[in-house]
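# Observations on the three-dimensional arrangement
Each chain, letter by letter, is given below.
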Amino acid sequence: MVEITVASREEKEAMAAIQAAFAEIERIDALLSSHRTDSLISRVNREGFRAKVPVEKDIFQLIREAASFSEASGGAFDVTVWPLSKLWGFDEGGRRPSVTELRDAVAKVGYRKLVLDQGDGSVGFTLPGMGLDLGAIAKGWAVDRAMDVLAARGMTDVIVDAGGDLRVAGSRPGKGFWRIGVQDPRDSGSLLFTLDLTDTAIVTSGDYERFFEEDGVRYHHILDPTTGMPACGCRSVTVLAPTAAEADASATAAFVLGAQRGVAFLRSRPGVRGVIVDGAGSLHWSDAALEALARGLRRP
Ligand code: AMP
Ligand code: MG
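Note that the structure is a prediction, hence the values are computed from the model and not measured.

### Topic: the overall build of the protein chain
Each helix and strand counted, the protein chain has 9 helices and 14 strands in total. With the C-alpha coordinates aligned to their principal axes, the bounding extent of the protein chain is approximately 55 × 45 × 35 Å. Taken over 300 residues, the protein chain has a buried fraction of 52%. The long-range share in the protein chain, meaning contacts at least 24 apart out of those at least 6 apart in sequence, stands at 60%. Taken as a whole, the protein chain presents about 14300 Å² of accessible surface, with 50% of it coming from carbon and sulfur. Averaging the locations of the 35 positively and 41 negatively charged side chains of the protein chain gives two centres separated by 2 Å.

### Some remarks on the sheet that holds strand β6 (residues 165–169)
If you walk across this open sheet you meet the 7 strands as β1-β5-β6-β9-β12-β13-β14, and the pairing is antiparallel. Either end of the sheet is taken by a strand with one partner, and the two such strands are β1 (3–7) and β14 (283–285). On average, each strand axis in the sheet is tilted by 10° relative to the strand beside it, whichever way the strands run. Bridging between strand β9 (residues 200–206) and strand β12 (residues 234–241) involves 6 bridges; their strand directions are antiparallel. When the sheet's bridge partners are listed, A201 is paired in β12 with A241. Each of β6, β9, β12 and β13 (273–278) is contacted by helix α7 (residues 244–257), which is oriented at about 150° to β12, the strand it contacts most.

### Let's talk about the site of ligand 1
Around ligand 1 sit 17 residues, and of these D133, S205, L223, D248 and T252 come closest. Within the contact set of ligand 1, a nitrogen atom lies 2.8 Å away from a backbone nitrogen or oxygen of L223. Computed on the free molecule, ligand 1 has an accessible area of 500 Å², of which 94% lies beneath the protein chains in the complex. Per-element accounting of the shell around ligand 1 gives the leading share, 3 residues, to α7. Among the residues forming the shell around ligand 1, the class breakdown is 8 nonpolar, 4 polar and 5 charged.

### Section: unusual backbone geometry
Positive phi outside glycine occurs at D199, with the angle close to 50°. Within the fold, D199 resides in the loop between β8 (187–197) and β9. With a phi angle near 50°, D215 is a residue other than glycine that sits in the positive phi range. For D215, the location among the structural elements is in the loop between β10 (211–214) and β11 (217–220).

### What about the nonpolar core?
By size, the foremost hydrophobic cluster in this structure holds 71 residues, and its most contacted members are L32, F77, L132, L134 and L150. Sort the elements by how many residues they give to this core and α7 lands first, with 10 residues. Apart from the residues within four sequence positions on either side, L134 is in contact with L32, I41, L62, I63, A66 and V79. Counting residues in each nonpolar core, the second largest holds 19 residues, with W178, F193, L195 and V277 among its members.

### A closer look at the packing of aromatic side chains
One pass over the structure, following the stated rule, counts 8 aromatic pairs. Taken together, W88, F90, F212 and Y219 form an aromatic cluster joined through their ring pairs. A cation over an aromatic ring shows up here: R218 above the ring of F211, its NZ or CZ 4.2 Å from the ring centre.

Procedures and definitions
Throughout, residues of each chain are indexed from 1 in the direction in which the sequence is written. Chain letters start at A and ligand numbers start at 1, both assigned in the order the entries are written. With the structure being a predicted model, the display of local features is reserved for residues of pLDDT at least 70 and the display and counting of side-chain atom pairs for 80 or more, all residues being used for whole-chain, interface and lining totals. The side-chain values count all of the structure's non-hydrogen atoms but skip hydrogen atoms and water molecules. Note on conventions: DSSP H or I runs of at least 4 residues are helices, E runs of at least 2 residues are strands, and numbering of each starts at the N terminus. Throughout, exposure labels follow a simple rule: accessible area from a 1.4 Å probe, protein chains only, divided by the maximum for the residue type, with under 20% read as buried, over 50% as exposed, and the rest as partly exposed. Throughout, a residue-residue contact means that at least one pair of heavy atoms, one from each residue, lies within 4.5 Å. Working definition of accessibility: Shrake-Rupley area with a 1.4 Å probe, residue cover restricted to the visible protein chains. Here Asp and Glu are counted as negative and Lys and Arg as positive; His is not counted, and neither are the chain ends. Taken as the charge centre is NZ of Lys, CZ of Arg, CG of Asp or CD of Glu, depending on the residue. Strands are labelled as partners when DSSP assigns at least two bridges between them. Structural elements are reduced to axes, namely lines fitted to C-alpha atoms, with helices fitted over the stretch in contact, and the angle between N-to-C directions of any two is expressed from 0 to 180 degrees. For this description, a residue counts as near a given molecule or strand if any of its non-hydrogen atoms is within 4 Å of it. Pairing of N or O atoms within 3.5 Å defines a polar contact, subject to two protein rules: one partner must be a possible hydrogen donor and the other a possible acceptor, and residues neighboring in sequence count only if both atoms are side-chain atoms. Only Asp, Glu, Lys and Arg are considered charged, only Ala, Val, Leu, Ile, Met, Phe, Trp, Tyr, Cys and Pro nonpolar, and every remaining residue, Gly among them, polar. Put simply, buried Ala, Val, Leu, Ile, Met, Phe, Trp, Tyr and Cys residues joined by side-chain atoms within 4.5 Å make one nonpolar core. To pair, rings of Phe, Tyr and Trp, with the six-membered ring standing in for Trp, must have centres within 6.5 Å; the planes then decide the type, stacked if under 30 degrees apart, edge-to-face if over 60, and tilted in the middle. Think of it as a cone above the ring: NZ of Lys or CZ of Arg counts as a charge over the ring if it is within 6 Å of the ring centre and within 35 degrees of the ring normal.

Here's what the structure looks like:
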C-alpha cells in the first residue's frame, strides 16, 4: 500500500504528477518483487548461477549499492539473504525450518559470493541456490524514485508513504513541517511519538510486520544471516536519513545488530540517526537531538 500526499495550488498538475509517481512505483515492483515469478529479480534468482543476467542500468546500480551496504554493515544486512527468506516463507504464513535446512540455506547466503559485472551490467552467483532479496531496501528505493518523479514535475510539498517507508519534502502549507507518527511495535493502534519533519526519509523495520508464533515464540521476517534465525533483541528500529533507500537498509541492519551495536552502527553512518526499541520495550536513541524532537513520548 502506497499513499502519496501533495500540497499544490495546481490540482491538475498535481494529479498528473501523482499518477506518474505511482507508475514509477509499479515499474519498480514489476522488476524487483520476489513474490512475482515473472519479475526480473525472480529470473535473476532462477538463472543467475548458470549464466550472468543483464539487468536495467538503475537496477544494477541499486544492487551494487545494496552489496556495498552489505559490506558496510558487516553482513548484518545481506542482499543475498533470499535462500533463507524462501525457506522461512513468511509470505505464505511461514514455518520453522529444520536444523539441516537452516545450515544448507545459510551456506548459500553471502554478498561476497555475488558477481556484479560492471562491464555489461549483469548479475550472477557463484553457488547454485543463491538469490537476491531486495526486500529490505527496495521499498525505500521505490519511495525515492517516486519522490524524484514528483520533484521533476515541480511538486515541492510532498509525502510518499509506503507503509513504514516514508519520505517527506517541503511542508504542510502554513505549518512549516509534516507531522509524522511512529508506531508502537506492540500496539498497532497507538503511536510511540510523533516528529515534525521536512526533507527527510523516515523508515521503520519491525518484528510485527510479518511473523508467526509457535510455542509462545515469535518468528519474524528479519533474519540474522549468520544463524539463519530471526534476529532477536529488537522490536523495531526507526531510522531517519536523506534517502529512503539508506534509511530502509540501515533500519534492517541495525535491527539485526541489536540495540547496542545497532546504535553504534547508526552513529557511524553520516546523515543517519534513529531509535531502537529493544526486546524489553526500552528506547535507545542514536542522537540526543532527535530524542528532543520526539513529541508525545511516554517517558518512564
Ligand atoms: P525490512 O522490513 O526493511 O526490515 O525488510 C525485511 C525484508 O528484507 C524481509 O522480508 C526479507 O525479504 C529481507 N531480509 C530479511 N533479513 C534480511 C537481512 N538480514 N538482510 C537483508 N534483507 C533481509
Ligand atoms: Mg529495511
